Amino acid sequence: LHVTLAFLGDTPQEQVPFLVDAAQQTAMHNPPSVAPMTALCGFPRVTRATVLVVLLDDPEGQLIRLARTLSSHLRGLGLPGPDRDFRPHITLARMKHPTRLEPWLSPFPLQYSPVRLDRLRLCSSDLGPQGAIHSTLYEAPLAGAEPITP
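These numbers were taken from a predicted model, which means no experiment stands behind them.

Thresholds applied
Residues numbered from 1 in each chain as written. Predicted model: local features only at pLDDT ≥ 70, side-chain atom pairs only at ≥ 80, totals over all residues. Heavy atoms only, no water. Helix = DSSP H or I, 4+ residues; strand = E, 2+ residues; numbered from the N terminus. Rg over C-alpha atoms; globule rule 2.2 N^0.38 Å. Contact = heavy atoms within 4.5 Å. Areas by Shrake-Rupley, 256 points an atom, 1.4 Å probe, with all protein chains shown as cover. Lys, Arg positive; Asp, Glu negative; His and termini not counted. Charge placed at Lys NZ, Arg CZ, Asp CG, Glu CD. Pairing = 2+ DSSP bridges.

Just to check I follow, could you spell out the overall build of the protein for this structure?
When you go through the protein residue by residue, the secondary structure sums to 3 helices and 7 strands. The helix and strand sequence of the protein, counted from the amino end, reads α-β-β-β-α-β-α-β-β-β. Rg of the C-alpha trace for the protein: 16 Å, near the compact-globule value of 15 Å for 150 residues, within the 12% margin. Expressed as lengths along the three principal axes of its C-alpha atoms, the size of the protein is roughly 45 × 35 × 30 Å. Relative to all contacts within the protein whose residues are 6 or more apart in sequence, the contacts with residues 24 or more apart total 69%. Counting only carbon and sulfur atoms, one obtains 54% of the accessible surface of the protein, whose full area is about 10000 Å². The positive charge centre, built from 13 side chains, and the negative charge centre, built from 13, are 8 Å apart in the protein.

Explain the pairing of strand S7 (residues 131-141) here, please?
Put simply, side chains in a regular strand alternate between the two faces of the sheet. Bridge count between strand S6 (residues 119-128) and S7: 10 bridges; the pairing is antiparallel. Its bridge partner lying in S7, Leu122 is registered against Tyr138.

Given below as structure tokens:
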């Protein structure tokens, strides 16, 4: 599972080194955080959802700061940032057609452990007939987190 801080869409391969630089700068200056899962929800809205997500609580705003820092670094490099406001969440599923999720979500209160977010990854996402295949292009620990070992 992962939290998407910025979805960049189709990105030319020659921009990857700049994206790595933005990820490095962001990771160096943001500490790990813990985010409790709060509710199942549908995006863009629960009445016509195309994505099933679990929302994350961000009471101190650490995740929003992390996303804004990354966006700032991307824009500073002349790259486009995300096209919408960041809402901390984990994507669980995608639907082929807009779906009304209210009847399915209300009986499922969440009682899960909080999610520890301690690293930043730059990933590519290739869509195929069976869904997306994610590949990690770069990974760094957030400031003060355990180093990443191969």
